[in-house]
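Listed below, chain by chain, are the residues.
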Amino acid sequence: MTDIVKKELLENLATYRFYVLTGLMFTLMLISIIVSYGDYHLRVENYNVLRPAAHVTDKIILPPEPLSIFAKGLDANVGRLYELGALGVQVQPNQQSINRLSSLFSIPDMLFVIKVVLALIAVLSAFDAVCGEKEQGTLKLMLAGRTGRAPVLLGKLAGRFILVFLPFIILFLIASIVVSLLPDVAGGTEYWRRLAVIACASGLYAASFVALGTLVSSLVNRSSTSVMLGLALWVLLVFVVPNLGVTVAQSIGDVPPSDRVEMQNRLASIHSIYETQQVMKNAREKDYSRIMFQIREANVHLFETYRPQLDRLIGLTKALVRISPSGAFAFLMTEMANTGIERDIQVKDEIWMYIDRNFKKFGKLEKGEVEHFQFRPASFGEQVSGVALPDALLLLFVPAALIGLAIGAFMRYDPR
Amino acid sequence: MTTIIRKEILDHVESLQFLILLLLSLVLFLANGLLFADRYEQQATWYSKTITALREKPSTISTELYPEPAQLAFIAEAGDNQAPAGYTLGQMGVLRPLPTGPRNFRLPVVPDPDWSFIIKVIFSLYAILIAYDAIAGEKESGTLRQLLSGPLGRTRLLIAKYVAVMVTLAIPLLCGMVVSLITVSVSVPRVLTPAFLSGSILTFFLASVYLSLFAFLSLFLSSLIHNSSLVLLTLLVVWIFFTIIIPNTAGILSEEVSDIPSEFSIAKELGPSIQKQIWSKIGILRGMAEKGEIKTEEELKRRTDQAFAEGQQSLISYYDSYEKAIRGRAAVARTLSRLSPTALFEYAAEDITGTGIHREERFLREARAYSEVYDRYILGKTGKLVGTSGWAFGTFIDVNGKGVFIGSPRPEEYSGDKSDFPRFAERPQPAAEGIQEALMDSAGLILWNVVLAMLAFGAVMRSDVR
């Protein structure tokens, strides 16, 4: 088997394909790091402008996450400015009005490079593993030897996986070191621990697509059919399933968009001010706290009805998107980079609870100092054993299953 | 010639590849139809509800303006989901977007499966996959020599190959579009307008021009490079640059090129400087009042009101110029991204369907025109107009030993009959206007075609067929 791995390595190292694909990977990673760091730096600048003084308690803003250079995720959302007041929380829209180029064109961060390009490279490196050899006529020779079919296929898989993953992991390591040396990025244990998990996950992800390419290759006879089928599956798994999953879930879930809810929130506040004013016109004693309680009740009601709906929607979306390993990988990597959905939910919940504890003090209905908001992020251990676990298991299962299928297909393959 | 075209088309159509493409395209277009019909229904209900609620409460302080949901959004959605849902219009033309986040901000933002996405990403990839081995493949299998030894010339061979690729692409594209159109028009019959049909037909032609350039590109490289897998690799790299890298980096590059500070750093710098400006004016008036130069309360109010109004005006014009700068930067980004034909196609499709940046500009123009009507109405009712910037000022000044509160003037609500309140209605976009806007970008696509076609012919002519 080691002979086969060696043969695969040497054979492919001599092709244009390896150098073109590795060059592409290098260019894209370079662009991704430059662009994402620029974006992160901009957010840090904004944060420094917006950061309230130490004594201010009615404004909350979290610093941008350095790991968002690798996976931007929802970091721009998490880092928005929350202004707390008697009327509830006002969330500022995006920090910087990004020019509306087009919704397709998101920031090409490392997550994007891995999710789209590493998968493409894996498929392109593996599509001719079996049928290409058959076209050349060497497959018969190879199987005539003493090695069984399963070791032959495993050797091919391993060889091609190394060709895809080794250049990637070297570039990834260099990128991580470069990023950790940049200003505004503190690369401690936390940074390296999280990046290590991301690197392992991307290994499993690349293995999935190498196995997929090999599976397709051992199902068809011609390599031109194999490349077509492989690329079709790549489009399906990387673009179609994750995108449609989100849109379909929104369509089925029938949950109103959050901006509409925010607007409804405003309307409810205005309505309760108006009503209380009408009541107070005739009252002898003017009790302004009434207005505030009324507004608060309206807000709480809106939040409590909206929240479970949104949770259901998120659950549904995750289930649909995870059909593709690309979806599972995106969830895992954003959670590891602290820019995922669960992180966002945690931030919003903590702010909500903070307001709940201090509501009366904000409105000066009760004496006393408003406590300072302190965000306690979920620790690395909690994340690994919690939110990241289902995706990690999926990423382990998919390549294993695909390798099994590929061996099965190769056993029945006609080498003539 | 026709026989060879027929043979080529049959070769493609009978292959497994074609079946996969057809199925994928049908699924995508069906999903597109269902999703957009559903979303349009939701948006239309919400829009009419909001407009009715708005009309019941006409206000002279400020009103809200909403763009109508775009009927052709299924062709090119153009990021309208991330655009503000509407604008508040104050007196004296102060227009502010309503606060919005993305739709459901916790969910990942994904490109919508609109026609433009399906065509620019997925069909362009398939154009490459169908055409990459057209020449190089024939050569590898040794049939190219045979073909060229017959009466068929090289030019004709290339034309035959090109026509076959385009027909093979057009079949799934047309089937998909028809499926999407039927789905949309069955679910929401009221969108069946002439604009609906003309928009779809124009998009089909635009898509053909766009895909044709990928066909020419593939034929060019296929006759230039003799190894078909190397052709495919090169094409995929070019494809990644066109559809992903150039459009993605244009935004960031334009940010580097045009050095505009962020909204918040502006607010932070602007606040103190404007305050200083206003308070120095008020300080002078305060001094005059203390010296007894301003005698009555009315005179003081008149002069301070004027000072405040000037301050507000300079704030408003500052914000306006900032917005202009941001828009300028967006224009730079668009220009940079036009290096890629994918961006050209996207912008042309947006113009044809009446979505995207030109639609926003048109809406804002109409909103400004309406703001004049609105101001005239308010002037007729209350007799004065007050522009506010979102900043408010107030203090006390002693006149004749009595403390008088002065503050920046606020717009007033007219308490009388407001049944003649002017209504805002967005003018539907004339189809000709959209085509005119799309002209430049389409011309760019045609230019790409011409250049690549010439290169392909040149390469086939000089190609060594042995």
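In this text the structure is predicted, and so the values were computed from the model without any measurement.

Across its full length, chain A holds 15 helices and three strands. Residues counted as buried form 55% of the 416 residues belonging to chain A. Contacts in chain A between residues far apart in sequence, at least 24 positions, make up 80% of those at least 6 positions apart. About 18,400 Å² of surface is accessible on chain A, with carbon and sulfur atoms providing 62% of the total.

Over its 27 residues, helix α12 (residues 356-382) of chain B runs 38 Å from end to end, which matches the ideal 39 Å to within 8%, given 1.5 Å per residue. At the C-terminal side of α12(B), B:G383 shows a positive phi close to 85 degrees.

All names here are of chain A. Packing of helix α8 (residues 189-217) against helix α12 (residues 325-336) leaves a shortest axis separation of 10 Å and a crossing angle of 175 degrees. As the angle between them shows, α8 and α12 are arranged roughly antiparallel. Residues R194, V197, I198, A201, S202, Y205 and F209 of α8 pack against P325, S326, F329, L332, M333, E335 and M336 of α12.

This part is about the side chain of B:S337. All names here are of chain B. On the secondary structure map, S337 appears in helix α10 (residues 297-337). Relative accessible area serves as the criterion here: at 1%, S337 is assigned to the buried category. A distance of 2.8 Å separates polar atoms of two side chains, one belonging to S337 and the other to Y347.

As a further point, take the nonpolar core. Among the nonpolar cores identified, the biggest contains 184 residues, and A:F70, A:F209, A:W234 and B:Y126 are the most heavily contacted of them. Take this core: its biggest share by element is 15 residues, from helix α4 (residues 110-126) of chain A. In this structure B:Y126 touches A:M228, A:A232, B:I20, B:L21, B:L24 and B:L169, once residues within four positions along its chain are discounted. In this structure, B:I274, B:I282, B:M288 and B:V404 belong to the second largest nonpolar core, which totals 21 residues.

This paragraph deals with the sheet that holds strand β2 (residues 87-90) of chain B. Residue and element names in this part refer to chain B. An order of β1-β2-β3 is seen for the three strands of this open sheet, with the pairing classed as antiparallel. Every other strand in the sheet has two partners, leaving β1 (62-65) and β3 (95-97) as the edge strands with one partner each. Across the sheet, the axes of successive neighbouring strands diverge by a mean angle of 25 degrees, strand direction being ignored. As judged from the four bridges shared by β1 and β2, these two strands associate in the antiparallel manner. For L65, the partnering residue across the bridge sits in β2 and is Y87. Sheet contacts for α12: β1, β2 and β3; angle to β2, the most-contacted strand, approximately 30 degrees.

Turning our eyes to something else, we now look at the confidence of the model for chain A. Residues and elements named next belong to chain A. In the predicted model, chain A carries a mean pLDDT of 81, and 84% of its residues have values of at least 70. The secondary-structure element of chain A with the lowest mean pLDDT is strand β3 (residues 88-91), recorded at 58, while α8 shows the highest, at 94. Taken together, the stretch residues 93-105 has pLDDT below 50 and engages in 53 contacts with residues farther than four places along the chain or on a different chain.

All names here are of chain A. Tallied over the full model, the rule gives 29 salt bridges over all chains. Residue E342 is joined to K318 by a salt bridge in which the shortest nitrogen-to-oxygen separation is 3.2 Å. Of this pair, E342 sits in helix α13 (residues 341-362) while K318 sits in helix α11 (residues 289-321), placing them 24 residues apart in sequence. Under the relative-accessibility criterion, E342 is labelled partly exposed at 27%. You can call K318 buried: its relative accessible area is 9%. It is possible to trace a salt-bridge network through shared partners that takes in K7, E8, E11, R17, D128, E133, K156 and R160.

Right, let's get into the side chain of B:R362. Residues and elements named next belong to chain B. Structurally, R362 can be placed in helix α12. Residue R362 is classed as buried on the basis of its relative accessible area of 5%. R362 has contacts with G354, R427, Q429, E433 and E437, leaving out every residue within four places of it along the chain.

Take a nonpolar patch on the surface next. Where nonpolar side chains cluster on the molecular surface, the patch consists of A:I162, A:L166, A:I170, A:I174 and A:V178 and spans about 410 Å² of accessible area. Residue position: A:L166 is located in helix α7 (residues 149-181).

Glancing now at the packing of aromatic side chains. Residues and elements named next belong to chain A. Applying the stated criterion to the full structure yields 32 aromatic pairs over all chains. Seen in terms of ring centroids, W234 and F239 are 5.5 Å apart; in terms of plane orientation they differ by 85 degrees. Their pairing is edge-to-face. The exposure class assigned to W234 is buried, which follows from its relative accessible area of 1%. Through a chain of ring-to-ring contacts, the aromatic side chains of F70, F161, F165, F168, F172, Y191 and W192 assemble into a single cluster. The positively charged end of K318 is found above the aromatic ring belonging to F331, 5.2 Å away from the centroid.

Quick look at the pairing of β2(B) now. All names here are of chain B. Inspection of the sheet shows β2 paired to β3 by three bridges, in the antiparallel sense. Within β3, the position partnered with T88 by the bridge is R96. In sequence, β2 turns back onto β3 through a hairpin of four residues, with M92 there showing a positive phi of about 60 degrees.

All names here are of chain B. Along the chain, G79 falls in the loop between β1 and β2. On the basis of relative accessible area, G79 is assigned to the buried category, the value being 6%. Through-space distance from the C-alpha of G79 to that of I357 is 9.3 Å; in sequence the pair is 278 residues apart.

Tracing the backbone shows B:R6 in helix α1 (residues 2-13). For the pair formed by B:R6 and B:A164, sequence separation is 158 residues and the distance between their alpha carbons is 7.6 Å.

Let us look at unusual backbone geometry. Among all residues except glycine, the phi angle is most often negative; among peptide bonds, the trans geometry is most common. Phi at A:D184 is positive, roughly 75 degrees, even though this residue is not glycine. Of the residues examined, A:D184 reaches a relative accessible area of 41% and is grouped as partly exposed.

Turning to the packing of helix α2 (residues 16-50) of chain A against α4(A), a few remarks are in order. What describes two packed helices is the angle between their axes and the distance between those same axes. Residue and element names in this part refer to chain A. Here α2 crosses α4 at 175 degrees, and the two axes come no closer than 10 Å. Between α2 and α4, the interaxial angle falls into the category roughly antiparallel. Every residue of α4 that contacts α2 at R17, L21, L24, M25, L28, M29, S32 and I33 is listed here: M110, V113, V117, L118, I121, L124 and S125.

Here is what the cut-offs are and how they apply
Residues numbered from 1 in each chain as written. Chains lettered and ligands numbered in written order. Predicted model: local features only at pLDDT ≥ 70, side-chain atom pairs only at ≥ 80, totals over all residues. Heavy atoms only, no water. Helix = DSSP H or I, 4+ residues; strand = E, 2+ residues; numbered from the N terminus. Buried < 20%, exposed > 50% of the residue type's maximum accessible area, 1.4 Å probe, protein only. Contact = heavy atoms within 4.5 Å. Areas by Shrake-Rupley, 256 points an atom, 1.4 Å probe, with all protein chains shown as cover. Expected span 1.5 Å × (residues − 1). Axes fitted to C-alpha atoms, helices over the stretch in contact; angles between N-to-C directions. Parallel < 35°, antiparallel > 145°, perpendicular 65-115°, else oblique. Polar contact = N/O pair within 3.5 Å; in protein donor to acceptor, adjacent residues only side chain to side chain. Core = buried A, V, L, I, M, F, W, Y, C linked by side-chain atoms within 4.5 Å. Pairing = 2+ DSSP bridges. pLDDT = per-residue confidence, 0-100. Salt bridge = Lys/Arg side-chain N within 4 Å of Asp/Glu carboxyl O. Patch = residues over 30% accessible without salt bridge, like charges linked within 9 Å, V, L, I, M, F, W, Y side chains within 5 Å. Phe/Tyr/Trp six-rings, centres within 6.5 Å; stacked < 30°, edge-to-face > 60°. Lys NZ or Arg CZ within 6 Å of the ring centre and 35° of its normal.

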